[in-house]
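Chain and residue survey
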Amino acid sequence: MKYNKLFLITIVFILVSCNKKGSDTDTFGKKEMFTNYTENLIIPAYQNYGTKLSDLKTTFDAFKIAPDLTKLATLQNAFSATYEAWQYCEICKFFINDISVFSH
């Protein structure tokens, strides 16, 4: 009997808490937030990645013409920098997917 009352009270609380009250206005400013993320995080990340990728290609071409240990070390550093820039773009890729989910 005690558990039945507890169960009934729990069901009532769940039903009452799921009742949607008020209007559906959005005062948070999602559009401004996503615009800010795009302009200040996503676009600069892809621009940086493009620059690092271009540097990597230039370094690789120099290494391919005349390979030596100094150019190999430079190529490895350029690869690491490009990989790091790519990681920031991968984070943005998931963020872009989230934007499309929230915009509907």
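Just so you know, these numbers come straight off a predicted model, no measurement behind them. (Residues numbered from 1 in each chain as written. Predicted model: local features only at pLDDT ≥ 70, side-chain atom pairs only at ≥ 80, totals over all residues. Heavy atoms only, no water.)

Before going further, it helps to spend a moment on the overall build of the protein. The helix and strand inventory of the protein stands at 3 helices and 0 strands. Secondary structure elements in the protein, listed N-terminal to C-terminal, are α-α-α. Burial status across the protein gives 13% buried among its 104 residues. Across the protein, every contact between residues at least 6 apart in sequence was considered, and the portion connecting residues at least 24 apart equals 67%. (Helix = DSSP H or I, 4+ residues; strand = E, 2+ residues; numbered from the N terminus. Buried < 20%, exposed > 50% of the residue type's maximum accessible area, 1.4 Å probe, protein only. Contact = heavy atoms within 4.5 Å.)

Attention now moves to the side chain of T59. Looking at where T59 falls in the secondary structure, it is placed in helix α2 (residues 30-65). A relative accessible area of 16% means that T59 is categorised as buried. The residues touching T59, leaving out its near neighbours within four places in the chain, are T74, L75 and A78.

Now for the packing of aromatic side chains. Tallied over the full model, the rule gives 2 aromatic pairs. Measuring from centroid to centroid gives 6.4 Å for F79 and Y83, while their planes differ by 15°, and the two rings are stacked. Here F79 pairs with Y83, and both are found in helix α3 (residues 69-102), just 4 residues apart, close to one helical turn. Seen in terms of ring centroids, Y83 and W86 are 5.5 Å apart; in terms of plane orientation they differ by 25°. Their pairing is stacked. Placement of both Y83 and W86 in helix α3 is noted, with a separation of 3 residues, approximately one turn of the helix. (Phe/Tyr/Trp six-rings, centres within 6.5 Å; stacked < 30°, edge-to-face > 60°.)

Let's shift gears to α2. Counted at 1.5 Å a residue, the expected span for α2 with its 36 residues is 52 Å, and the 51 Å between its end C-alpha atoms agrees. At T38, α2 is bent by approximately 40°, the largest bend along its length. Listed as buried for α2 are F34, I42, A45, L56, T59 and F63. (Expected span 1.5 Å × (residues − 1). Bend = angle between axes of the 7 residues up to and from the residue.)

It is worth spelling out the confidence of the model for the protein at this point. Put simply, the protein has an average pLDDT of 80, and 66% of its residues get 70 or more. The lowest-confidence element of the protein is helix α1 (residues 2-17), averaging 67 in pLDDT; the highest-confidence one is α2, averaging 91. (pLDDT = per-residue confidence, 0-100.)

A few words now on the environment of Q47. Mapping Q47 onto the fold places it in helix α2. A relative accessible area of 52% means that Q47 is categorised as exposed.

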